[in-house]
Structures are given as C-alpha cells and as structure tokens.
Amino acid sequence: EEIAVNDCSKGNMKEILGALSEKDERLKIIDNEVNRGLLHTRIIGSKQATGDYISFVDSDDYIDKDFYRLMINKMEETDSDITICNHVRKNGDRKYTSSLLFNTNDDTYDGEEFYDMYFKQTGRNIRYHLLWNKLIKIDIWKKVLQDAEKIKDRIVMTEDFAFSSLA
C-alpha cells in the first residue's frame, strides 16, 4: 500500500494524487486540514498503515522500482527489525553512491552492538538518524509512535531525530 499525506501543499497536488489513486486503488490519500509539518504528517499517515513494514518517501526523494523488494529481501534474510540502505545523490547530471556505513560490507548489528554503532558514532554520520533510507518492521514503528505522538510542538528541522532516538 502507499499512503500519501497532502500537508496543505501549494499547487495542484490534490488533483495529481486524485489522478494517481484512480489508476491504483492501493494508494490511500489523506488531506490535512491545516499544515501540520513533517513530524505530525508522518504520524498521521503511519497510523493508517496496515502492512508488515513501513518506510517514508519525502517530496524530494526518488526510489527505484527495486527499492522495496531489495530491502524486504534483506530484512527477511537477516531477520532484521530495521534495514538501512545506501543512496544515490544527484548533482546536475552526475550521480554517485553515498555509503551510510563506515565500510560498504553488509553489516548486521544486534543488541548492545547496535546501540554502540548507532548512538556512539559521534556525529560522523547523521544519516543513521534519517527515515527516508530505512525500512522498519511495523511493530517496531508502533512502539516508537506511542512516544512520538507525545510531541505536541511543531518541529521545523531534524524531525527524523524524534523518531530515531526513540527506536
């Protein structure tokens, strides 16, 4: 399923999403009455999710057709709760892969080893704390969501830290 949350976007986003949903019934559309910001919009959308996994694609992101298939295969192969991927950055006509890990091997972390890697990386890699590069088991997400819903303020920057620090 795909869930698109229109957070009072300017322009014709409502019409674009309506046309897309006519072509694919798996697309659920939510229109916020007022602009809630990214944090609360993700909460609103994720509460409608019914699948086994959850992932987020922001308005400035692009995902390849194999993205979810590869991520799900890796999660099932490693029995992971969260999978983090590399990404391709585009600068004009140039594209290059940006690795999120300190090495490019397939790394799997468990228990305390995960916390050491994740929280003690001394700021060298902010992308550990972003959501757009992850696939998360829905039961893990729902645990995080309980605490994220307690945040009432509108967060303007680094909204992803509210989720990653709770995970």
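Here the structure is a predicted model, which is why all the values come from computation and not from measurement.

K.L.:
Break down helix α3 (residues 67-78) for me, citing the residues and quoting the values.
P.N.:
With twelve residues, α3 should reach 16 Å at 1.5 Å per residue; the first-to-last C-alpha distance of 17 Å fits that figure. Along α3, the residues classified as buried are F67, M71 and M75. In a view along the axis of α3, the buried residues occupy a sector of 50 degrees, so they form one face of it. Of the exposed residues in α3, the ones pointing more than 90 degrees away from its buried face are E76 and E77. Where α3 ends, the next residue or the one after it, D79, has phi of about 55 degrees, a positive value.

K.L.:
Account for the packing of aromatic side chains, naming residues and giving values.
P.N.:
Here the structure, examined in full by the defined rule, presents two aromatic pairs. Between F56 and W141, the ring centres sit 5.0 Å apart and the planes meet at 50 degrees, which makes this aromatic pair tilted. Remark: W141 occurs in helix α5 (residues 138-148) and F56 occurs in the loop between β3 (53-54) and α3; sequence separation between them is 85 residues. Both residues of the pair, F56 and W141, count as buried. Relative to Y68, the ring of F67 lies with its centre 4.8 Å away and its plane at 80 degrees, an arrangement referred to as edge-to-face. By relative accessible area, F67 is classed as buried at 15%. A residue is classified by how much of its surface remains accessible, and Y68, at 28% relative accessible area, is partly exposed.

K.L.:
Please set out the sheet that holds strand β7 (residues 134-137) residue by residue, giving values where relevant.
P.N.:
One open sheet accounts for three strands, arranged β3-β7-β4; its pairing is antiparallel. The sheet is open, and its two borders are formed by β3 and β4 (82-84), each paired with just one other strand. Of the pairings in the sheet, the one linking β3 to β7 comprises two bridges and is antiparallel in character. Bridge pairing in β7 links I54 to I136. Packed on one face of the sheet, α5 meets β3 and β7 and runs near 90 degrees to β7.

K.L.:
Please provide a residue-by-residue account of the nonpolar core, values included.
P.N.:
L39, I43, A49, I54, F56, L131, I136, I138, I140, W141, L145 and A148 form the largest nonpolar core, which has twelve residues in total. Listing elements by their share of this core, those giving two or more residues are α2 (38-46) and α5. Ranked by residue count, the leading element in this core is α5, at five residues.

K.L.:
Break down the side chain of H40 for me, with residues and values.
P.N.:
On the secondary structure map, H40 appears in helix α2. Taking the relative accessible area as the measure of exposure, H40 reaches 9% and is therefore buried. Ignoring sequence-local partners within four residues, the contact set of H40 consists of I151, K152, D153 and R154.

How each quantity is defined
Chains are numbered independently. Their residues run from 1 in the order of the written sequence. Local features are withheld for residues below a pLDDT of 70 in this predicted model, meaning they are given only at 70 or higher, and side-chain atom pairs are given and counted only at 80 or more; totals for whole chains, interfaces and linings count all residues. With hydrogens and water set aside, each side-chain value is computed from the structure's full complement of heavy atoms. Numbering of helices and strands runs from the N terminus, with a helix taken as a DSSP run of H or I at least four residues long and a strand as a DSSP run of E at least two residues long. For a helix, the expected span equals 1.5 Å multiplied by the residue count minus one. Only protein chains enter the accessibility calculation, which uses a 1.4 Å probe. A residue is then buried if its area is under 20% of the maximum for its type, exposed if over 50%, and partly exposed in between. Working definition: the arc comes from the directions between the helix axis and the C-beta atoms, pointing outward to the latter. Classification of ring pairs rests on two measures: the distance between centres of Phe, Tyr or Trp rings, Trp counted by its six-membered ring, which must be within 6.5 Å, and the angle between planes, read as stacked under 30 degrees, edge-to-face over 60 and tilted in between. Two strands qualify as a pair provided DSSP detects at least 2 bridges between them. In what follows, residue pairs with any heavy atoms lying within 4.5 Å of each other are defined as contacts. Here an angle of 0 to 180 degrees is reported between the N-to-C directions of two axes, which are lines fitted to C-alpha atoms, with helices fitted over the stretch in contact. We define the nonpolar core as a collection of buried residues of types Ala, Val, Leu, Ile, Met, Phe, Trp, Tyr and Cys that are connected through side-chain atoms lying within 4.5 Å of one another.

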